[in-house]
Amino acid sequence: MWLSSIYLKTLRGFRVPILGWGLGLGVLMAVVLAALPTVLGTPEARAAVVALGPSFAWFSEPIKIDTPGGYATWKYGLTLLVVAIWPILAESAMLRGEEDRGSMDVLLSLPRNRTRVALEKIAAMWTALLIMGLLIGLLTFAGGAKVSSDISLSAAILFGLNLALIAAVFGAVAVLVSQFTQERRTAAGVTAGLLMVSVVVDMVHRVVPNTQWLSQLSPVYYFNLSKPLISGYSANGGAMLALLAISALSSGAGLWLFARRDIGGVVAGPRFFRSGRGGSRPPRAVVQGAWSLRSVYARGLAIVAVPAAWWTLAIAGFAGWMIVVDKQTEANLRTVLQGSSLLRNFVNLGGGDVATNAAILGALFIFMPVMLMAFAVTQANRWSADEDDGRLEVLLSTPQSRLRVLLGRFAALSTATVFISVITLVVTVVVSSATGLPLDAGNVAAATLSMIPLGLLVAAIGYLLSGWLRAAVETGLLSFVLVIWFFISFIGPSLNWPDAALRLSAFYYYGTPLLHGLPVLDTLVVVAAGAIALALASLRFVRKDIGV
């Protein structure tokens, strides 16, 4: 039955992500809601949360945050946008990926036109997202039912549907962008960048007065208008229709372009979209005297250069934006804390301007290693995809040992990771000086440079998983592990989870370097774990059959 149509076959291929992301995020929401009484268990704690809410309004609008639904929406709602990672990866590869592999030629040899093929694939993705949203909604209701009768089944399902719609928006954008790119990875990278830009643009009106018109350009703005988990509020029908319209228009535009271009070709667009294979450079110009062909390491640098440049712009730019947000948050928070010993004890920022700024920025900086690790996921996917697409077979036909090939590529990725971290350090220092935000220079260096072992750990795990899994499965699994790590570190401390549970997340070992400096022992643990993963990946790659 599952192979009787393109729609069913595509939907069958999504069964693992549906269950993984749907059940995973649903269970996380259920655990968060069920455990919130430990955070809001006393009138003093609820009063402290309500008082602090406006100081962190840049993150999310604080509405009834002394209730389970309001607190969960305020603190965790925006972080659930990680659900968009999977459709971005899946839909950027849905058409372009099959063209890369040549399977689209086989598929179109059947008595089905292009429009029908693409439409059935897109319909399967929408169905998968709806099922995923339903699972999240049902599990959210189960968790909320234990602590609040205000969260109804319909409200929880609308919450899941809203998540499905914002995920569908960025998935549809990935389909559209992939019509202009030579490679699926470029489309995924550009769309992920648009997701980060959309998050920042949505924040702008909560940081800079009279800029709501700018935030309305972001799909995330319309996602945040619906707050069905909050008693007295509901889903915003107009906002949800806007998300549906954006998704439909983007998918429709991608479908229209796909039906009118050559298979394997691209629609004329910005030049950087067309980087990679299939460019217009003359063949002889590629091989004669090209620096990138002098070694595996140099070739790896050439491969990673463009995505590293874009990720550097995104990560360093986000760090600068966090400095601006920190400056405003510190001023607001100091006003709130003045004269209230209860709130000072609740927040426990420490003394002095430097300590206070570092404590606030440290809470924001948890997103920085997440972004660097996401970059590592994309590059681990590229290594795995090169094997899937047969590129490693060509490389290994030259007098290069397998170990040298793997270590050369990993060394290139390591160089890019260090480059991103160093530029982020420079931007952080420059922006903090320009805004007059006092920070300890040594701790800033520790915070930015200690991201490097985390990024390399994820890359090493990705290289290890590629020894057994195909690129799509390996990337999905690695992305989900990254999400689980993030939620353990983001949610666990506020819910008083035991230290043993927090240690399951790699972010635990990052610590709070902006406040306490470099955690030497924890950093060594991450380095050792990455070295072990890389050693196992090397052993597997040396002994395995390529392409199997």
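First things first, this report covers the structure right here in the doc. (Residues numbered from 1 in each chain as written. Predicted model: local features only at pLDDT ≥ 70, side-chain atom pairs only at ≥ 80, totals over all residues. Heavy atoms only, no water.)

Right, let's talk about helix α3 (residues 43–52) for a bit. Along α3, the residues that are buried comprise A45, A48, V49 and L52. Here the buried residues of α3 occupy an arc of 100 degrees about the axis, which is enough to place them on one side. (Buried < 20%, exposed > 50% of the residue type's maximum accessible area, 1.4 Å probe, protein only. Helix = DSSP H or I, 4+ residues; strand = E, 2+ residues; numbered from the N terminus. Arc of directions from axis to C-beta.)

What follows deals with the packing of aromatic side chains. Across all of its chains, the model carries eleven aromatic pairs by this definition. Chaining the aromatic ring pairs together yields one cluster made of W383, F410, Y463 and F541. Over the ring of F541 we find R402, and its NZ or CZ is 5.9 Å from the ring centre. (Phe/Tyr/Trp six-rings, centres within 6.5 Å; stacked < 30°, edge-to-face > 60°. Lys NZ or Arg CZ within 6 Å of the ring centre and 35° of its normal.)

This part covers a nonpolar patch on the surface. Taken together, V418, V422, V426, V430 and L449 make up a surface patch of nonpolar side chains, about 360 Å² in accessible area. For the nonpolar patch, the element with the most residues is helix α20 (residues 402–435), which contributes four residues. With respect to the element layout, V430 can be found in helix α20. (Patch = residues over 30% accessible without salt bridge, like charges linked within 9 Å, V, L, I, M, F, W, Y side chains within 5 Å. Areas by Shrake-Rupley, 256 points an atom, 1.4 Å probe, with all protein chains shown as cover. Salt bridge = Lys/Arg side-chain N within 4 Å of Asp/Glu carboxyl O.)

Note on placement: L465 falls in helix α22 (residues 451–465). Linking L465 and T475, residues ten residues apart in sequence, is a C-alpha distance of 9.0 Å. Once residues lying within four places of it in the same chain are set aside, the contact partners of L465 are E474, L477 and L478. (Contact = heavy atoms within 4.5 Å.)

Our next topic: the side chain of S250. Examined against the element boundaries, S250 turns out to sit in helix α13 (residues 237–258). The contact partners of S250, leaving out residues within four places of it in the chain, are A172, V173 and L176.

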